[in-house]
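Each chain is listed here by its residues.
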Amino acid sequence: MSWAFLRDLLSGVNKYSTGIGRIWVAVVFMFRLLVYVAAAENIWKHEHDEFECNIKQPGCENVCFDHFFPVSHIRFWALQLIMVSIPSLLVVFHVAYRENREKHHKQKLYKNPGKIDDGLLCTYLISLILKTGLEIVFLVLFYKLYNGFKIPRLVKCDIKPCPNSVDCYISKSTEKMIFLYFLVATSCLCILLNLSELSYLIFKYSTKCYLKRHMKKQQ
Amino acid sequence: MDWGALHTILGGVNKHSTSIGKIWLTVLFIFRIMILVVAAEKVWGDEQDDFVCNTLQPGCRNVCYDHFFPISHIRLWALQLIFVSTPALLVAMHVAYRRHEKKRQFRKGDQKCEFKDMEEIRKQRFRIEGSLWWTYTSSIFFRLIFEAVFMYAFYFMYDGFRMPRLMKCNAWPCPNTVDCFVSRPTEKTVFTIFMIAVSSICILLNVAELCYLLTKFFLRRSRRAGNSKQQPNHENKEETKQNEMNELISDSCQNTVIGFSS
């Protein structure tokens, strides 16, 4: 089980998306998934081994690392990527349900099972709202957990069994910060894309609805 | 999940590229991505473990490494490759949009649509003209910009393209000035020069492709202007038809040169 599953999922979602949805898939794939796998994962590979405290007291380093990194940044992002891609499954399931229904009744119930209208539109809007919500939740959680979007070179730790206050040094802090900013920026870009897709769909279908009613009244 | 997925995406764009574009794609995959994955990652694999400083002061090594390598060469190249490959997606999206329009025309039963079935639409290779020309040209332009920016950033960050053996560090908590030794500096220098050279070749290929597209554009325009000035007569129509056929033949010959099958 690897990221290939997520890649296949995203390609499947692409089929039933709007134009902006496809741009979102491209951004998630190229700038988040690929950067995560090809670059970011390796930076955090030996973070625990490279975390060094100015003390010989056994256990102090372990305790301090655990205190400052309750969840490693990289695992947090992996979770975020997975959670943010899952709402798109709702759309895929709904289309599969429609096609199944047509097969079951052995007649054409929908003009096009993959076209975004009526029920599928609701599902699509819900998935967009969920995606945006999850992105914002993860960003806020990250900010709260790590006291902002920064990775300092030095952290001071005074938890037992460390005697007094001890200097601990985080490895590759600049490189980690560069990738942190990059991933936060792409997260914000994805939020913007989701919001614009949401407003585009609401605008498009409300004008369609309004025109239909207007035509009916005229008739 | 690896660079193979990128290959799948870009391979699709390959069909609609010029022959120089196909050469660029080959150079990108064989000389850059493959070298990055197969060789360079192993060379830079132990960069922090084997970065040794002449001090026992805990934390000094971490801080000095962070000071001299704000971002590892390998990660910078990976980012460069991702950014440089992204403009090709613009072309892929434009082609997909055109295909979608043709499918819509076909479904409506438009008389103008010259395709017999959906398979033909799916397999059709679009010529680089009209709005696709503009998308393609801007994608090459962005590629050039990204390559140049990353090369400059590399030069600026590492003061040149050489990896020194010894670095002197006096960042806190290192007491005074401390000697720090980089692991495998010569091998890293060799790979750095190789990657920079291939980057420059890619820039040259992009510039050549840009010139080729511009030349083709202006030639086509002048030919069209020339044809519209002449009196419409039967012989000229036949000549222009023959010209177009010759163009098509020469284009299809050029495009079966190198490149991935898509």
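The structure presented is a predicted model; accordingly, all values stated were derived computationally and were not measured.

Thresholds, definitions, all that
- Residues numbered from 1 in each chain as written.
- Chains lettered and ligands numbered in written order.
- Predicted model: local features only at pLDDT ≥ 70, side-chain atom pairs only at ≥ 80, totals over all residues.
- Heavy atoms only, no water.
- Helix = DSSP H or I, 4+ residues; strand = E, 2+ residues; numbered from the N terminus.
- Contact = heavy atoms within 4.5 Å.
- Areas by Shrake-Rupley, 256 points an atom, 1.4 Å probe, with all protein chains shown as cover.
- Core = buried A, V, L, I, M, F, W, Y, C linked by side-chain atoms within 4.5 Å.
- Buried < 20%, exposed > 50% of the residue type's maximum accessible area, 1.4 Å probe, protein only.
- UniProt positions renumbered as here; feature names shortened; annotations may be inferred.
- Pairing = 2+ DSSP bridges.
- Buried area = accessible area lost by both parts, 1.4 Å probe.
- Salt bridge = Lys/Arg side-chain N within 4 Å of Asp/Glu carboxyl O.
- Polar contact = N/O pair within 3.5 Å; in protein donor to acceptor, adjacent residues only side chain to side chain.
- Nonpolar A, V, L, I, M, F, W, Y, C, P; charged D, E, K, R; others polar.
- Axes fitted to C-alpha atoms, helices over the stretch in contact; angles between N-to-C directions.
- Parallel < 35°, antiparallel > 145°, perpendicular 65-115°, else oblique.
- Left-handed = near helix turned anticlockwise from the far one by under 90°.

This next bit is on the overall build of chain B. Summing up its helical and strand segments, chain B has nine helices and three strands in all. Order of helices (α) and strands (β) in chain B, N terminus to C terminus: α-α-β-α-α-α-α-α-β-β-α-α. For chain B, contacts bridging at least 24 residues in sequence account for 77% of all contacts bridging at least 6. Total accessible area computed for chain B in this model is approximately 14,400 Å², and 61% of it derives from carbon and sulfur atoms.

Formed by 119 residues in total, the largest nonpolar core has its most connected members in Phe51 and Phe179 of chain A together with Trp3, Leu36, Phe51 and Phe69 of chain B. Here this core takes 17 residues from helix α2 (residues 19-43) of chain A, the largest share from any one element. Counting 12 residues, the second largest nonpolar core, distinct from the first, contains Val95, Leu125, Leu128 and Leu198 of chain A.

This part takes up the UniProt feature "transmembrane region" (unreviewed entry) in chain B. Residue and element names in this part refer to chain B. In the numbering used here, UniProt assigns the "transmembrane region" (unreviewed entry) feature to residues 23-40, 77-97, 132-158 and 191-214. Measuring from the first to the last C-alpha atom of residues 23-40 gives 23 Å, for a span that is 100% helix and 0% strand. The span residues 132-158 carries 100% helix and 0% strand; its end-to-end C-alpha distance comes to 39 Å.

In this section: the sheet that holds strand β2 (residues 166-169) of chain B. All names here are of chain B. Strand order in the open sheet formed by three strands is β1-β3-β2, with antiparallel pairing between adjacent strands. Two strands close off the open sheet at either side, each with one partner strand: β1 (52-53) and β2. Where β1 lies against strand β3 (residues 178-181), two bridges are found, and the strand directions are antiparallel. Each bridged residue has a counterpart across the sheet, and for Val52 the counterpart in β3 is Phe181.

Another point: the interface of chain B and chain A. Size of an interface: often given as the accessible area lost when the parts come together. In this complex, chain B contributes 31 residues to the contact, which on the side of chain A involves 35 residues. Each partner contributes to the roughly 2,900 Å² buried at the junction of chain B and chain A, and carbon and sulfur atoms together form 67% of this total. When the shortest N-O distance is used, the salt bridge between Arg153 of chain A and Asp66 of chain B registers 2.8 Å. Where chain B packs against chain A, one counts nine residue pairs in polar contact (both at pLDDT 80 or more). Residue assignment for the side of chain B that touches chain A shows that the elements contributing at least two residues are α1 (3-14), α3 (60-68), α4 (73-85) and α5 (87-108) of chain B. Looking at the side of chain B that touches chain A residue by residue, the class counts come to 18 nonpolar, eight polar and five charged.

Next up on the list: the packing of helix α5 (residues 73-85) of chain A against helix α7 (residues 118-145) of chain A. Residues and elements named next belong to chain A. Following both chains from N to C, one finds α5 and α7 inclined at 165 degrees, their axes separated by 9 Å at the closest point. Between α5 and α7, the angle is such that the two are roughly antiparallel. The way α5 lies across α7 gives a crossing that is right-handed. Contacts from His73, Phe76, Trp77, Leu79, Gln80, Met83 and Val84 in α5 reach Lys131, Leu134, Glu135, Phe138, Leu141, Phe142 and Leu145 in α7.

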